[in-house]
Amino acid sequence: RGSRRTALIVLTISPAILATVMPLNGPVDGVVPGGLVAIVLVLLFVRLSRTLSALSRAESASRHRAMHDGLTGLLNRSALIDRLVELLREGASTGRTTALLFIDCDDFKHINDTWGHRAGDTLLRDIATRLPLAPPPDAVVARHGGDEFVVLASVSDAAAGEALAARMRRFFDEPLEILPGRTHAMTCSIGVAVAEPGEAVTAESLIGQADVAMYAAKGHGRNRYVVYDDALDADARLRAAVGDRLAGAISAGHFHVELQPIFAGAAGGADGSVMGGVARASEDGRIWGGRAGFDRVVGWEA
């Protein structure tokens, strides 16, 4: 291709060069070199315009790839944070509330395990195609990662943000496509976080609040939405603190676990079934609780 390009350039400009250096014998000889030079200049201008257009398209495509998710075409996490920062700033000046909905598809792993990752990708693309049609036209829809989506909207108050969450949950009532000719009924868990005008909250912390609320929705049975509040904040802080302390105690070997099934009685079932167990620490204290294999900690005595 390099040699062909060079030959094309030589054949294009050589007539103009030859006509320019040849002596002029009449008016026609003066017109010919001028016309050939003009043709060369036009060709150069066309080539330059095409090159600049190609560079512009390449830059635009690169910018789009940097700001959008490759699978769904929605905004990616980086662009989401930038847009959320702008929305919080606009809310402070306009007196509008910023609502953030963190949406997670329930049992998405079941789709990949049953029908394969191709079906999972098809499902995500179908959600990305139809999800922007559910919220208001000025809302921002992004893919946070995996099967998680985020919806940003400027609303009048917190109640309007909660109403938007109910509207988005109903979006999943309609079956979604997973393979050509095959649909699947999908539910979602939604965490809602709102920022009042002028509230001192960062984009990352607002996303974190909605994430905590989303996991609370999953913990309460899924297929629902939960609004972040002070109670969820206290519970998240307590879980983090207990988790850190338990991790240190386990690493230090302070715990000795003993299973003690309870039959009937006040703490057991009327049919005499096993209802729980006890985990005891050695010399440093005791931890008890946890039905069905210690699925939760009821108390910890230091």
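Residues numbered from 1 in each chain as written. Predicted model: local features only at pLDDT ≥ 70, side-chain atom pairs only at ≥ 80, totals over all residues. Heavy atoms only, no water.

J.: Quick one: what's the story with the state of the cysteines, residue by residue and with numbers?
T.: Counted under the stated rule, the structure contains zero disulfides. Left without a disulfide partner, Cys105 is nearest to the cysteine sulfur of Cys188, which lies 7.1 Å away. On the basis of relative accessibility, which here comes to 0%, the residue Cys188 falls in the buried class. (Disulfide = S-S within 2.5 Å. Buried < 20%, exposed > 50% of the residue type's maximum accessible area, 1.4 Å probe, protein only.)

J.: Please set out the confidence of the model for the protein residue by residue, giving values where relevant.
T.: With 84% of its residues at a pLDDT of at least 70, the protein reaches an overall mean of 82. Least confident of the elements in the protein is helix 9 (residues 291-294), whose mean pLDDT is 40; most confident is strand 1 (residues 97-105), at 96. Counting interchain partners and residues more than four positions distant, the pLDDT-below-50 stretch residues 277-302 has 60 contacts. (pLDDT = per-residue confidence, 0-100. Helix = DSSP H or I, 4+ residues; strand = E, 2+ residues; numbered from the N terminus. Contact = heavy atoms within 4.5 Å.)

J.: Could you give me a rundown of the nonpolar core, with the residues and numbers involved?
T.: Leu101, Ile127, Met168 and Phe172 are the most contacted members of the largest nonpolar core, which totals 32 residues. Setting aside residues up to four positions removed in sequence, Phe172 forms contacts with Ile103, Cys105, Ile127, Met186, Thr187 and Cys188. Within the second largest apolar cluster, 26 residues are counted, among which are Ala195, Met214, Ala216 and Val226. (Core = buried A, V, L, I, M, F, W, Y, C linked by side-chain atoms within 4.5 Å.)

J.: Can you break down the packing of aromatic side chains residue by residue, with the values?
T.: The full count for this structure, using the stated rule, is one aromatic pair. Considering the side-chain rings of Phe171 and Phe172, the 5.1 Å spacing of their centres and the 90° angle between planes classify their relative orientation as edge-to-face. By the burial criterion, Phe171 is buried, and Phe172 matches it. (Phe/Tyr/Trp six-rings, centres within 6.5 Å; stacked < 30°, edge-to-face > 60°.)

J.: Outline the pattern of salt bridges, supporting the account with residue identities and numerical values.
T.: Tallying each qualifying case throughout the model produces twelve salt bridges. Across the pair Asp107 and Arg222 runs a salt bridge, and its minimum N-O distance is 2.6 Å. Linking Asp107 in the loop between strand 1 and helix 4 (108-115) with Arg222 in the loop between helix 7 (203-219) and strand 7 (224-227), this pair joins segments that are 115 residues apart in sequence. Judged by relative accessible area, Asp107 falls into the partly exposed class, the value being 47%. Residue Asp113 pairs with Lys109 through a salt bridge whose shortest N-O separation is 2.6 Å. Here Lys109 and Asp113 lie together in helix 4, a separation of four residues that amounts to about one turn. Because the salt bridges share partners, they merge into one network encompassing Asp104, Asp106 and Lys218. (Salt bridge = Lys/Arg side-chain N within 4 Å of Asp/Glu carboxyl O.)

J.: Break down the pairing of strand 3 (residues 148-155) for me, citing the residues and quoting the values.
T.: Within strand 3, seven of the eight residues are buried, which leaves the element mostly enclosed by the surrounding structure. Here five bridges tie strand 2 (residues 140-145) to strand 3, and the two strands are oriented antiparallel to one another. What sits directly across from Val141, in strand 3, is Val151. Counting the residues in the hairpin turn of strand 2 and strand 3 gives two residues, including Gly146, whose phi is positive at 60°. (Pairing = 2+ DSSP bridges.)

J.: Tell me about the environment of Arg83, residues and numbers included.
T.: Residue position: Arg83 is located in helix 3 (residues 77-94). Looking at Arg83, the relative accessible area reads 23%, which means it is partly exposed. On a C-alpha basis, the gap between Arg83 and Leu152 in space is 8.7 Å, while along the polypeptide they are 69 residues apart. Once residues within four sequence positions are removed from consideration, Arg83 is found in contact with Glu90, Val140 and Leu152.

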